[in-house]
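Chain and residue survey
Chain by chain, the residues run as shown.
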Amino acid sequence: MAVGVHHIEIWVGDLDSARTSWGWLLVVLGWSIDQEWNTGISWRCGEVYIVVTRPPAVSADEHDRRRPGTNHIALHGGTSADVDRIVGRASTHGWTELYADRYPHAGGPDHYAAYLEDEAGSKVEVVATAPR
């Protein structure tokens, strides 16, 4: 039996904005566009894919990670230098750095990561998971 994540689907209120922010981040992290259609796009990394879509049933334009539901997703970010490069460019691609005063150890002294939030309120943790 297969184990692990199969896919993640993220509903958004503004597909163009999400395509820009998520598209940049996922490509920088090594994901590639898998499919595109008029209400969505998906990126794939190995067997896992992430879908960003604006379906007709979406009921709001923004995500509130503080409400019940998904707070964030965490993605492998490569080395600490790779994570630093992502943080340095994130703001020009629709992302705001969270916990900047504690970067890169907001998750604890032994955890090197960037916490980013897009314009719609979705949060991503980019974790250094490869040796420097």
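Note that the coordinates shown come from a computational prediction; the quantities given were computed from them, not determined experimentally.

UniProt records the feature "domain: VOC" (unreviewed entry) for residues 4–129 in the present numbering. Structurally, residues 4–129 comprises 20% helix and 34% strand, and the distance from its first C-alpha atom to its last is 17 Å.

The four strands are arranged E1-E4-E3-E2 in an open sheet whose pairing can be described as mixed. A strand with exactly one partner marks an edge of an open sheet, and here the two such strands are strand E1 (7–11) and strand E2 (32–37). Mean inter-strand twist for the sheet, computed between neighbouring axes without regard to direction, equals 15°. Running over the sheet, helix H1 (residues 15–28) touches E1, E2, strand E3 (40–45) and strand E4 (48–53) and is turned about 10° from E3.

In this section: the sheet that holds strand E7 (residues 113–118). Spatially, four strands are ordered E5-E8-E7-E6 in an open sheet, and the strand pairing comes out mixed. The open sheet has two edge strands with one neighbour each: strand E5 (72–76) and strand E6 (95–98). In this sheet, neighbouring strand axes are inclined to one another by 30° on average, regardless of whether the strands run parallel or antiparallel. Taken together, the four bridges between E6 and E7 define a ladder with antiparallel strand orientation. In the sheet register, Trp 95 faces E7, and the bridge partner there is Asp 118. Where H1 meets the sheet, its contacts fall on E5, E6, E7 and strand E8 (123–127), and the angle it forms with E6 comes to roughly 65°. Sheet strands touched by helix H2 (residues 80–90): E6, E7 and E8. Its angle to E7, the strand with the most contacts, is close to 25°.

Below, the discussion takes up the packing of H1 against H2. Interhelical geometry of H1 versus H2 gives an angle of 160° and a closest axis separation of 11 Å. Classed by the angle they form, the pair H1 and H2 counts as roughly antiparallel. Crossing of H1 over H2 shows right-handed handedness. Along its contact with H1, which presents Trp 24, Leu 25 and Val 28, the element H2 presents Ile 86, Arg 89 and Ala 90. When grouped by side-chain class, the residues that make up the contact of H1 with H2 number five nonpolar, no polar and one charged.

Cut-offs and rules
Residues numbered from 1 in each chain as written. Predicted model: local features only at pLDDT ≥ 70, side-chain atom pairs only at ≥ 80, totals over all residues. Heavy atoms only, no water. UniProt positions renumbered as here; feature names shortened; annotations may be inferred. Helix = DSSP H or I, 4+ residues; strand = E, 2+ residues; numbered from the N terminus. Pairing = 2+ DSSP bridges. Axes fitted to C-alpha atoms, helices over the stretch in contact; angles between N-to-C directions. Contact = heavy atoms within 4.5 Å. Parallel < 35°, antiparallel > 145°, perpendicular 65-115°, else oblique. Left-handed = near helix turned anticlockwise from the far one by under 90°. Nonpolar A, V, L, I, M, F, W, Y, C, P; charged D, E, K, R; others polar.

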